[in-house]
Every structure is written in structure tokens, then in C-alpha cells.
Amino acid sequence: MVLGHCRRPPSFHYGWLIVVAGSLGIFACIGLARFGLGMLLPAMGMDLQLSYGQMGAISTANFFGYLAGILAAAPLARQLGARVLVPLALLLSGLSMVVIGCSSSLYAIMLLYILTGIGSALANIPIMGLLSSWFASRLRGKAAGFVVSGNGAAFIVAGLSVPWMNELGPSSWRLSWFVLGALVCLIGLLCGLIIRNRPRELGLEPAGSRPPICGQQPHQLGQPRLVPMKLILHCGAIYALFGFTFVSYATFIVTTMVREYGLSQQAAGSFWSWLGLLSLCSGPLFGMIADRFSRRVALMAAFSVQTLAYLLVGLNLGAFFLYLSIGCFGIVAWAIPSIMAALSGDYAGADKAVSMFSAITLLFACGQVAGPSLTGLIAEHTGNFSGGYLMAAALTTTAILLALLLPPPARIEIR
């Protein structure tokens, strides 16, 4: 009996369309729905007379929603599949953003932004989990890197469009919410047309798979592994430190430029766009480093550059070092999520990658909840954000040490 047959792999693998759809989804659910807030906060805070603490509370509300969404993401992804769940989640985020544009109450905005956060998590987790099914380990970091680069594109779009829309009137920040929310909804519909749950639905093997020998069954990649809870917590702690520090910087750096360095919103928006442009290469670059050398080496390198970024702005060395900080931050902006997504597939196998990525993202979300809120309170007490940035530098230094202690995936027991 013939167990298999020889077939040349396709010249273009559908997995790269999954990467395109995933990048658009991340552009929408994280780049616009979450980090677009950094551009919206100065005008929004001024019009609604929000304090630093209240601005931080809006950001924190989003992450409470994100936290709730993470808890539901893995079971919903198993039940519905990414092809159904991702579009529905993006529609939830987009519609809630549109309604925020109609709101003036702080509590109403916080409640709606919780819904935005739920939708963001329900889209992000299955998108990143798809990569372990569609790509072999040797291409997984690269693919994840291209997906998370959608965030950089969102920085460019928000940096160029939001300040322009804000200048149309004192409450034109509302228009920004309308436009960004509608764009998130549109991308949700597009993702529904492109995404497929697994390669075998199209008669394919994962991209990067070694060709099967004639007469043999196709190679089964990413076999399920028994991942110790200690290792999940170890990875989760690294991701939590990233969430705490990265989101604090992204939330308040525009406000720092406007209120502490005297830049106009247009100038701050321009730097935000340059940050986005630099960050486009961060995911693919560090994903390829992770594939070529190791996930551990890539993590340590990325956290080292982030530490430098936080120190340069936290030490109040002047405008030049502020710009240098933004450059360093952009170069590694999306490196960590791409590496952690690839690491989840390496440790847990393709079938369990969504569950592991969901588990470590739960801790990541805890860091996101605490980061902006605590940074905002420190700024409220001290009158500037320097203390928050220096705290971030100390935490990313801790992350470097934790990354150094990660075991190689080969040591994880295959079931």
C-alpha cells in the first residue's frame, strides 16, 4: 500500500497570505486599537480635562479587557477557529472605538475601551497561534516577525493622520476614533476572507517543512510537548516585564514630548511615524536572529536595546537623547512578541502553541495593566515621567537575566 507520494512544494505557499492577513489583523487589533491611544491622549486629555492618573486609567481599562479576552481566547479559538474568531473580535474592537468617539464620560470611555481590549486579545492570540500551524520551526520566527510588523505600519498611519485630524477642531479627536474604528472593522472583514485554520484544509504542509521521502507519510511538525508549569511561568515573567515597560513607554512618550519637551502635536506625530517606520524591520530582523542563532540570544539582544532606550529618556539628557531613545525603541519595538510566539511553538508544539501563547500572554497582560497605571501615578507625584522610564530600564535588565536562563526547546519532553 502506498503511504504517500512525492510532490514538489508550491513555489508560493499560502502560509505567506496568512502572514499578510495576520499582519493586517495585528495592525488593527494592537497597532490601532491599542497603541493609537498614545497619539489620541494629548488632545483627548486636554478637551476632557483629564489628569495624568485618569489618562493612565483609560489605558489600564483597555488591558483589563485584554486580560479578560486572553482567558477566553484559547477555548474560543478551539471551538470557532481563527477564521471565525478573528473577524468577530476585530468587529468588536472597531465598533467600540467608534462609540468612544461619541462619549464624554470618563467611565463610559473606560468601559468601552475594556470592550476594545477584549476584542484585541480575541484577535491577537489566534493570529499569533496560527503561525505554529502554518510554519515549520526554522521559518517561524521570521513569519512571526513579519506579522507583528503590522504594529509599525499602524504607528505610521496614526502618527500622520491623528494630529492632522486633531487640528480640525477642539473635539476633532473624536473623528480620529471614528476613522480608526471603521478601519479596524474593515480589516476584520478582510481577515475573514483570507484566514484558514490549518494547512491541511488546502492540502498543504506547513511552510518550511522538509519534503517527505517517496512512499512515506508527510512529516508531522511541532508534536505536542509536555511543558512544565515552571517553564510557562518563566516565559510569562519575561513577557510580563516586556508588557509593563513597553506599554508604559508607548502610552506616554508622545505626552512626554508634548508636555515636557515642548514639541507640537504635529512634531510629536512625526516622530511617532518615524518610530513606526523604524519598527517595521524590528520583528523580521529579530525573528531571523532567533531562527539563525537562538530565541534566547534574540531576547537578550532586544531587551538590551530597550534598556538603553528607557535610560536615554529617563535621565533627562536633552532633546537629542530623546530622539535617540525613540530610535532605539523603534529598532526593537516588535521583537519580543515575535520571539515569544515562535518560542511557544518550539516549546509546546504546533497543536498546543495557542494554549501556551495564551498562558504567557495572560502574564503579559498583567504587566500591561500595571505599567501605564503605575507610571501615570509616578508622574502625577513627581511632575514628570523620568522615574517611570528609569523603573522600566531596571525591569528590562531583569528580563535579560531571565532570558539567559531559558532552556533549549530540545530538552522539553515530547508526549
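The notes below deal with the structure included here. This is a predicted model, so every value here is computed, not measured.

**Some details on a nonpolar patch on the surface**
And then number 1: The grouping of Trp-164, Leu-168, Leu-175, Phe-178 and Val-179 at the surface amounts to a nonpolar patch, some 470 Å² of accessible area in total.
And then number 2: It is helix H8 (residues 173-194) that provides the largest number of residues to the nonpolar patch, a total of three residues.
And then number 3: Structurally, the position occupied by Leu-175 is in helix H8.

**Let's talk about the packing of helix H2 (residues 37-48) against helix H7 (residues 150-166)**
Helix-helix packing is described using two parameters, namely the angle between the two axes and the distance between the axes.
And then number 1: Put simply, H2 and H7 touch, their axes get as near as 9 Å, and they point 15° apart. Of the possible angle classes, the one that applies to H2 and H7 is roughly parallel. Classified by chirality, the crossing of H7 by H2 is right-handed. On H7, the residues that touch Met-39, Leu-40 and Ala-43 of H2 are Ala-158, Gly-159, Val-162, Pro-163 and Asn-166.
And then number 2: The residue makeup of the contact of H2 with H7, split by class, is six nonpolar, two polar and no charged.

**Focus: unusual backbone geometry**
And then number 1: A positive phi angle is found at Gln-49, which is not glycine, with a value near 55°.
And then number 2: Examined against the element boundaries, Gln-49 turns out to sit in the loop between H2 and helix H3 (52-80).
And then number 3: The residue Asn-316 is not glycine, and still its phi comes out positive at about 55°.
And then number 4: Among the structural elements, Asn-316 can be located in the loop between helix H12 (295-314) and helix H13 (319-331).
And then number 5: Taking the relative accessible area as the measure of exposure, Asn-316 reaches 44% and is therefore partly exposed.

**A short note on helix H1 (residues 15-32)**
The α-helix winds at 3.6 residues per turn, so residues separated by three or four positions along the chain end up facing the same way.
And then number 1: Here H1 contains 18 residues, and its C-alpha end-to-end distance of 24 Å stays within 8% of the 26 Å for a straight helix at 1.5 Å per residue.
And then number 2: Considering bend angle alone, the principal kink of H1 is centred on Ile-26 and spans about 25°.
And then number 3: Counting buried residues along H1, 14 of its 18 residues qualify, which places the element largely inside the surrounding structure.

**Regarding the nonpolar core**
And then number 1: Judged by nonpolar contacts, the single largest core of 133 residues is most densely connected at Met-128 and Ile-253.
And then number 2: Take this core: its biggest share by element is 15 residues, from helix H9 (residues 229-259).
And then number 3: Look past the residues within four positions of Ile-253 in its chain and what remains in contact with it is Trp-272, Val-313, Leu-322, Ile-326 and Tyr-389.

**Thoughts on the packing of aromatic side chains**
And then number 1: Under the criterion given, the structure shown has 18 aromatic pairs.
And then number 2: It is Arg-292 that lies over the ring of Phe-293; its NZ or CZ is 5.1 Å from the centre.

**Details of the side chain of Ser-282**
And then number 1: Checked against the element boundaries, Ser-282 lands in helix H11 (residues 282-292).
And then number 2: The exposure class assigned to Ser-282 is buried, which follows from its relative accessible area of 0%.
And then number 3: At 2.7 Å, the side chain of Ser-282 forms a polar contact with the backbone oxygen of Ser-279.
And then number 4: Non-local contacts of Ser-282, meaning those with residues more than four positions away in its chain, are made with Gly-330, Ile-331, Val-332, Ala-333, Trp-334 and Ala-335.

Rules and cut-offs
Residues numbered from 1 in each chain as written. Predicted model: local features only at pLDDT ≥ 70, side-chain atom pairs only at ≥ 80, totals over all residues. Heavy atoms only, no water. Patch = residues over 30% accessible without salt bridge, like charges linked within 9 Å, V, L, I, M, F, W, Y side chains within 5 Å. Areas by Shrake-Rupley, 256 points an atom, 1.4 Å probe, with all protein chains shown as cover. Salt bridge = Lys/Arg side-chain N within 4 Å of Asp/Glu carboxyl O. Helix = DSSP H or I, 4+ residues; strand = E, 2+ residues; numbered from the N terminus. Axes fitted to C-alpha atoms, helices over the stretch in contact; angles between N-to-C directions. Parallel < 35°, antiparallel > 145°, perpendicular 65-115°, else oblique. Left-handed = near helix turned anticlockwise from the far one by under 90°. Contact = heavy atoms within 4.5 Å. Nonpolar A, V, L, I, M, F, W, Y, C, P; charged D, E, K, R; others polar. Buried < 20%, exposed > 50% of the residue type's maximum accessible area, 1.4 Å probe, protein only. Expected span 1.5 Å × (residues − 1). Bend = angle between axes of the 7 residues up to and from the residue. Core = buried A, V, L, I, M, F, W, Y, C linked by side-chain atoms within 4.5 Å. Phe/Tyr/Trp six-rings, centres within 6.5 Å; stacked < 30°, edge-to-face > 60°. Lys NZ or Arg CZ within 6 Å of the ring centre and 35° of its normal. Polar contact = N/O pair within 3.5 Å; in protein donor to acceptor, adjacent residues only side chain to side chain.

Distances and angles like these do not, on their own, reveal function.
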